[in-house]
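Here is what each chain is made of, one letter per residue.
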Amino acid sequence: MEKTLRSVFEHSAPSEVSREDWKEVVLTLFEPHFRRPTQLRNNLDSFMIELRNLARIYEHPEHMALMRWCLTLHRRVLRIDRQGAYGEMRQLFPNMQASDEAWLNMFQVTSPLGSQAAPRDRAFQLFQTIDGVGEGCFKPQLQIIYAFAYREAMGKWPTKTGAQGFGKMVADFPEPRQSAPPIFLHDPILNIQVNQWRNIAAHKSFSLVGPQTIEVKYGNGGKQKSRKLGLHRLRKVSSWLIKTHNAVRLANTITFVEHIQEIFSQGQTNIERPISASILNIAHDLSTVGFNTVEWIVIKREGVLSVVDQLDRNPREALIHASQQLVQLAVGVLADVATSSRISKVSIQLLLPDGRVFAKARAAVTDADAFSLRKIHLNKYMDRIEWIVDPNK
């Protein structure tokens, strides 16, 4: 148990850890945050994926406190207006999907630049992260928290929560019964509001004024301010925003999962599963057996998932092992209306440690789906898998 826990916090994946071990870790880490533990047990696979998100904040008390603050706010409002809360959650359910889509697009298809990269390039990537996480990931989660805080402070639900602007939400954030932790909407490094960081990044209101010194400008008109900071502090700002997003998102996820049946009973239609959710699930499954998922890309009509072996196995054996996820990848493609008619083949591509492509395994979506439905036998399915050494094919 201790070894498995440590592997979560170190973002490593020992191959000897069994699925039962992972379930035990999920229950140990998440059960204290659930009021309805049965819902956790019914969704263990989903929360195996969430382990890495929890690991990002677990050893940061201020962000764990933020997650608990959000959960407590949810529960206070649910006690006083349960049906109203379910209605609002039903309206804001797509926010969860939009946030996760943005997160996947950022962190499953890009790799951080190393210390050898030029300072300007590293700064630019950090600001890209701040912009993407702030607007695409955190803002949809903030709208959910804003709605609950507004209901507690104002006695009614806000109108058109999903249309609330980032700056207005931050500036006018309601004061609920218990104040939020200070790291919620202001960074702990320069005390700049989260929406201002997003504006700085989106409008490129920054410049390199020294070898590793950046000047940022924010605010409107004559009230514009400027601050200087080093790359190391900018990295801390980016890390703060990512952890803040994770804390708020985990709280929202737990509350939605605990009350999903009641939300659906309000008339929520079936929500299509985005390819991003499938890839996140596949990436987690692969990580538990020693693979790191580094890229998902669509080339013509082929969806290609690139992975790196973390356990130094024979490349051929590693690719065969990873290719077991082709079926789930194909099922994920078919479950997303945006990809079901656009992608006809799926591949899992093994990258060597130096970044070169070793080979890839490719299957027709129809063949993998047929095998998942037991319409064709394993031998026939395996015969139809293509093993391609030339990555240009």
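Above this text sits the structure in question.
One structure accompanies this document, and this report is about it. Since the model is a prediction, treat every value here as computed from it, not as a measurement.

## So, unusual backbone geometry
Here is step 1 of the chain: Positive phi is not limited to glycine here, since Asn191 has a value of about 60°.
Here is step 2 of the chain: Relative to the elements of secondary structure, Asn191 occurs in the loop between helix H8 (166-171) and helix H9 (194-202).
Here is step 3 of the chain: We classify Asn191 as exposed; its relative accessible area is 55%.
Here is step 4 of the chain: Here the phi dihedral of Lys204 falls at roughly 55°; this positive angle occurs in a residue that is not glycine.
Here is step 5 of the chain: With respect to the element layout, Lys204 can be found in the loop between H9 and strand E1 (206-208).

## Quick notes on the pairing of strand E6 (residues 345-351)
Residues in a regular strand point their side chains to alternate faces of the sheet.
Here is step 1 of the chain: Of all 7 residues in E6, 6 are buried, a share of seventy percent or more.
Here is step 2 of the chain: The pairing of strand E5 (residues 302-309) with E6 spans 7 bridges and is parallel. Within E6, the residue paired with Gly303 across the bridge is Val346.
Here is step 3 of the chain: As paired strands, E6 and strand E7 (residues 357-364) are joined by 7 bridges and run antiparallel to one another. Bridge pairing links Gln349 to Lys360 in E7.
Here is step 4 of the chain: Connecting the antiparallel pair E6 and E7 is a turn made up of 5 residues, with Gly355 showing a positive phi of about 95°.

## Structural notes on the nonpolar core
Looking at soluble globular proteins, one finds that nonpolar side chains tend to be buried together.
Here is step 1 of the chain: Judged by nonpolar contacts, the single largest core of 79 residues is most densely connected at Phe30, Phe184, Trp197 and Leu234.
Here is step 2 of the chain: Ranked by the residues each element gives to this core, the list is headed by helix H7 (residues 119-154), at 15 residues.
Here is step 3 of the chain: In this structure Trp197 touches Phe127, Ile130, Asp187, Leu190, Ile192, Val216, Leu229, Leu234, Val237 and Trp240, once residues within four positions along its chain are discounted.
Here is step 4 of the chain: Of all hydrophobic cores here, the second largest spans 31 residues; its members include Phe291, Ala359, Ala370 and Ile385.

## Some thoughts on the pattern of salt bridges
Here is step 1 of the chain: For the structure shown, the criterion picks out 18 salt bridges.
Here is step 2 of the chain: Linking Asp100 and Arg249 is a salt bridge whose minimum nitrogen-to-oxygen distance equals 2.7 Å. Note that Asp100 is positioned in helix H6 (residues 82-107) and Arg249 in helix H10 (residues 231-258), a separation of 149 residues in sequence.
Here is step 3 of the chain: On the basis of relative accessibility, which here comes to 7%, the residue Arg249 falls in the buried class.

## Some remarks on the packing of aromatic side chains
Here is step 1 of the chain: Throughout the structure, instances matching the rule amount to 12 aromatic pairs.
Here is step 2 of the chain: For the ring pair Phe93 and Phe256, a centre distance of 5.5 Å and an interplane angle of 85° mean the geometry is edge-to-face. Placement of the pair is Phe93 in helix H6 and Phe256 in helix H10, with a sequence separation of 163 residues.
Here is step 3 of the chain: What makes Phe93 buried here is its relative accessible area of 17%.
Here is step 4 of the chain: Of the residues examined, Phe256 reaches a relative accessible area of 5% and is grouped as buried.
Here is step 5 of the chain: An angle of 15° between the planes, with centres 3.8 Å apart, marks the rings of Phe127 and Phe206 as stacked. You can see Phe127 sitting in helix H7 and its partner Phe206 sitting in strand E1, a full 79 residues away along the chain.
Here is step 6 of the chain: Exposure remark for Phe127: the relative accessible area of 1% places this residue in the buried category.

Analysis parameters
Residues numbered from 1 in each chain as written. Predicted model: local features only at pLDDT ≥ 70, side-chain atom pairs only at ≥ 80, totals over all residues. Heavy atoms only, no water. Helix = DSSP H or I, 4+ residues; strand = E, 2+ residues; numbered from the N terminus. Buried < 20%, exposed > 50% of the residue type's maximum accessible area, 1.4 Å probe, protein only. Pairing = 2+ DSSP bridges. Core = buried A, V, L, I, M, F, W, Y, C linked by side-chain atoms within 4.5 Å. Contact = heavy atoms within 4.5 Å. Salt bridge = Lys/Arg side-chain N within 4 Å of Asp/Glu carboxyl O. Phe/Tyr/Trp six-rings, centres within 6.5 Å; stacked < 30°, edge-to-face > 60°.

No statement about biological role is implied by the geometric values presented.
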